[in-house]
Amino acid sequence: DGDLVLTVSEDASATLWRCGTGERLRALDGHEDSVGWAEFSPDGLRIITASWDGTARIWCSSSGACLERFEGHAGPVNYAAFVST
């Protein structure tokens, strides 16, 4: 509904903010290098991040808990997305 803002940073985190107030709701911490991409799942319940640490991760948007980690790339992960099948 457009009341949240999701940012990524070279400090190895993604952060969720409340639009309109600028309130920091939660940081998604756990990556070991810059996070270059993040997006919400279509239902808004999860967030996927891509990092220069070579991993992509899925997070719970309400708690900030890391739900899943995808590793195995030989270099940075520049983009990750939710795809319906």
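Scroll up a little and you will see the structure.
One structure accompanies this document, and this report is about it. These numbers were taken from a predicted model, which means no experiment stands behind them.

About the thresholds
Residues numbered from 1 in each chain as written. Predicted model: local features only at pLDDT ≥ 70, side-chain atom pairs only at ≥ 80, totals over all residues. Heavy atoms only, no water. Pairing = 2+ DSSP bridges. Helix = DSSP H or I, 4+ residues; strand = E, 2+ residues; numbered from the N terminus. Axes fitted to C-alpha atoms, helices over the stretch in contact; angles between N-to-C directions. Polar contact = N/O pair within 3.5 Å; in protein donor to acceptor, adjacent residues only side chain to side chain. Contact = heavy atoms within 4.5 Å. Disulfide = S-S within 2.5 Å. Salt bridge = Lys/Arg side-chain N within 4 Å of Asp/Glu carboxyl O. Buried < 20%, exposed > 50% of the residue type's maximum accessible area, 1.4 Å probe, protein only. Patch = residues over 30% accessible without salt bridge, like charges linked within 9 Å, V, L, I, M, F, W, Y side chains within 5 Å. Areas by Shrake-Rupley, 256 points an atom, 1.4 Å probe, with all protein chains shown as cover. Lys, Arg positive; Asp, Glu negative; His and termini not counted. Charge placed at Lys NZ, Arg CZ, Asp CG, Glu CD. Phe/Tyr/Trp six-rings, centres within 6.5 Å; stacked < 30°, edge-to-face > 60°.

Remarks on the sheet that holds strand 1 (residues 4-8)
Step number 1: Spatially, 3 strands are ordered 1-2-3 in an open sheet, and the strand pairing comes out antiparallel. Edge positions in the sheet fall to strand 1 and strand 3 (24-29), since each has one partner strand and no second. The average angle at which neighbouring strand axes cross in this sheet is 20°, direction not considered.
Step number 2: In this sheet, strand 2 (residues 13-18) lies alongside strand 1 in antiparallel orientation, the contact comprising 5 bridges. Of the residues in strand 2, the one forming a bridge with L6 is L16.

A few points about the side chain of R57
Step number 1: Here R57 lies in strand 6 (residues 56-60).
Step number 2: A polar atom in the side chain of R57 sits 3.1 Å from the backbone oxygen of G30.
Step number 3: Once you skip the residues sitting within four places of it in the chain, R57 turns out to touch G30, H31, I47, I48, T49, C66, E68 and R69.

Describing the state of the cysteines
Step number 1: Scanning the entire structure with this criterion turns up 0 disulfides.
Step number 2: C66 carries a free sulfur, and the closest cysteine sulfur to it, the one in C60, is 11 Å from it.

Things to note about the pattern of salt bridges
Step number 1: What the rule picks out here adds up to 4 salt bridges.
Step number 2: Where R18 meets E23, a salt bridge forms, and the shortest distance between an N and an O atom there is 3.8 Å.
Step number 3: With a relative accessible area of 30%, R18 lands in the partly exposed category.
Step number 4: Judged by its relative accessible area of 41%, E23 falls in the partly exposed class.
Step number 5: Close ionic contact of R57 with D53 constitutes a salt bridge, the shortest N to O distance being 3.9 Å.
Step number 6: The structure contains a network of salt bridges with shared partners spanning D3, R18 and E23.

Some words on a negative patch on the surface
Step number 1: The grouping of E10, D11, D29, E32 and D33 at the surface amounts to a negative patch.
Step number 2: Positionally, D33 belongs in the loop between strand 3 and strand 4 (35-40).
Step number 3: For D33, a relative accessible area of 33% puts it in the partly exposed group.

Some words on the packing of aromatic side chains
Within a pair of aromatic rings, the relevant descriptors are the distance that separates the centres and the angle that separates the planes.
Step number 1: Under the counting rule described, the total for this entry stands at 1 aromatic pair.
Step number 2: Here the aromatic rings of W37 and Y79 are separated by 4.8 Å at their centres, their planes lie at 55°, and the arrangement is tilted. You can see W37 sitting in strand 4 and its partner Y79 sitting in the segment after strand 7 (66-70), a full 42 residues away along the chain.

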